[in-house]
Amino acid sequence: MEKPFILHMLTTAKNLSPFDANMALDAGWIHALSYLNVEPSEVQGLVQDVIFSRSLKNLQRTGIFIGGRDTKQAMDMLKSAKRSMFAPFEVSVFADPSGAFTTAAGMVALAENELITKFHTTLEAKNILVLGGTGPVGQVASVIAAQAGAHVRMIGRQLDKAQNIADMCNNEFGEGKITILAGVDADKAEYIKTTDLVFATGAAGIELLGAELVASAPLLKVAADVNAVPPAGIAGVDAFQNGTPIKGSNSGAVGLGAMAIGNIKYQVQNLLLKSMIHTEKPVFLHFEHAFEMARNYLKPVA
Ligand SMILES: NC(=O)c1ccc[n+]([C@@H]2O[C@H](COP(=O)([O-])OP(=O)(O)OC[C@H]3O[C@@H](n4cnc5c(N)ncnc54)[C@H](OP(=O)(O)O)[C@@H]3O)[C@@H](O)[C@H]2O)c1
């Protein structure tokens, strides 16, 4: 008899995200088992319990998902899971803490698509302001955009916090090959004068870029806002906006709202969860794979 598809879902938080549980079952996993309050040091033991209890054939029907809220911790847990396995006793692992990897990937890929289709350019050498950039979504959006060649400035309310997090992103996620700069929210009127793209990734329900600053951005091309809770993170960008001009932008910038970004995030997470089921060889998925998947999803069909 064929064994069921089992996804072991690890989180360092008190609760597993119901969003992630729904996503797993809707993608075709038959059982989504939650492991709560997991200590990163427990990953090795849990992973080895997973791999030694099924035949090689049934290991292909087994996977691990890593949630939680902390991006670096989730990447460390993914690496630890990979290190804990050895061929042929391996299963696929996918990290998406706080949905940040798939959300950031969806936002950056959508913004890049707007640059290509409406402005005939790319992310290369563009100046990007990531407002509220110190949270999980902002960190990963900053890294993905910097890896795509953009000049990224991560903005927070306190410079030392933003600097520490930008340094962590450069060293841990970018392996020292990217340079995300830090900036303080109080200086955004100055930064906006040379900004090509804005990503609003702050906590829900907070306006981070007002109408006056939108109007004062001479180079602004794309403004993307992940916050679905009113008021919008960027004045003039509504949650359903998907590449239409922003009212009040003097540079002809287009807006991307939370629902448009959320749709790509959903598709990417669904496709990555499915890819774990259908792969012959185990895959180890994180934000780089999410971005690749989002780019492919948005690629026009030839
Ligand atoms: N559309 C989607 O599919 C989707 C999916 C997932 C998440 N989201 C949304 O994405 C956004 C970012 O999520 P996250 O978990 O990364 O965010 P978060 O950690 O809750 O917040 C991000 C940053 O916002 C800043 N912030 C907090 N309170 C603030 C305030 N009162 N005024 C100004 N700034 C404030 C903080 O930065 P400083 O302390 O450094 O200033 C914080 O690090 C949220 O709005 C979330 O709802 C959307």
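Above this text you will find the structure in question.
Quick notes on the rules
Every chain is numbered independently, its residues counted from 1 as its sequence is written. Per-residue local features of the predicted model are confined to residues with pLDDT of at least 70, and side-chain atom pairs are confined, for both listing and counting, to 80 or more; whole-chain, interface and lining totals are unaffected and use all residues. Computation of side-chain values: all heavy atoms of the structure, hydrogens and water removed. Two strands form a pair only when DSSP identifies at least two bridges running between them. Helix and strand assignments follow DSSP, with helices taken as H or I runs no shorter than four residues and strands as E runs no shorter than two, numbered in order from the N terminus. The contact rule is simple, with two residues in contact once any of their heavy atoms fall within 4.5 Å. Angles here are taken between N-to-C directions and fall from 0 to 180 degrees, while the axes themselves are lines fitted to C-alpha atoms, restricted in helices to the stretch in contact. Take the buried Ala, Val, Leu, Ile, Met, Phe, Trp, Tyr and Cys residues and link them wherever side-chain atoms come within 4.5 Å; each set so joined is a nonpolar core. Per-residue accessibility, obtained with a 1.4 Å probe over protein chains only, is compared with the maximum for each type, and a residue is labelled buried under 20%, exposed over 50%, and partly exposed between these values. The domain boundaries here were taken from an automatic or database domain assignment. Here, a salt bridge means any side-chain nitrogen of Lys or Arg that lies within 4 Å of a carboxyl oxygen of Asp or Glu.

Draft legend 1. Layout of the sheet that holds strand β1 (residues 6-10). One open sheet holds the 5 strands; their spatial order is β2-β1-β3-β4-β12, and the pairing between them is parallel. The open sheet has two edge strands with one neighbour each: β2 (31-35) and β12 (284-285). Bridging between β1 and strand β3 (residues 62-66) involves 5 bridges; their strand directions are parallel. In the strand pairing of β3, M9 is matched with F65. Seen against the sheet, helix α4 (residues 71-83) touches β3, β4 (92-95) and β12 and runs at an angle of roughly 175° to β4.

Draft legend 2. Fine view of the nonpolar core. Counting 85 residues, the largest nonpolar core has I128, I180, F199 and L273 as its most contacted members. Of the residues forming this core, the biggest block, 10 residues, is contributed by helix α5 (residues 100-119). Per-domain counts for this core show at least three residues from each of domain 1 (6-99 + 267-298) and domain 2 (111-261). Residue contacts for I128: discarding those within four places in its chain leaves L123, A145, A150, H151, V152, R153, L197 and F199. Among the nonpolar cores identified, the runner-up in size contains 18 residues, and V198, L209, I234 and I246 belong to it.

Draft legend 3. Geometry of the pairing of strand β8 (residues 197-200). Along β8, one buried face is formed by L197 and F199 and the opposite face, lined by V198 and A200, is buried too. Pairing of strand β5 (residues 127-131) with β8 involves 4 bridges; the strand directions are parallel. Bridge pairing in β8 links V130 to F199.

Draft legend 4. Just the pattern of salt bridges, in detail. Tallying each qualifying case throughout the model produces 9 salt bridges. With a closest N to O distance of 2.6 Å, K72 and D76 form a salt bridge. With a gap of 4 residues between them, K72 and D76 both fall in helix α4, about one helical turn apart. Of the residues examined, D76 reaches a relative accessible area of 29% and is grouped as partly exposed.

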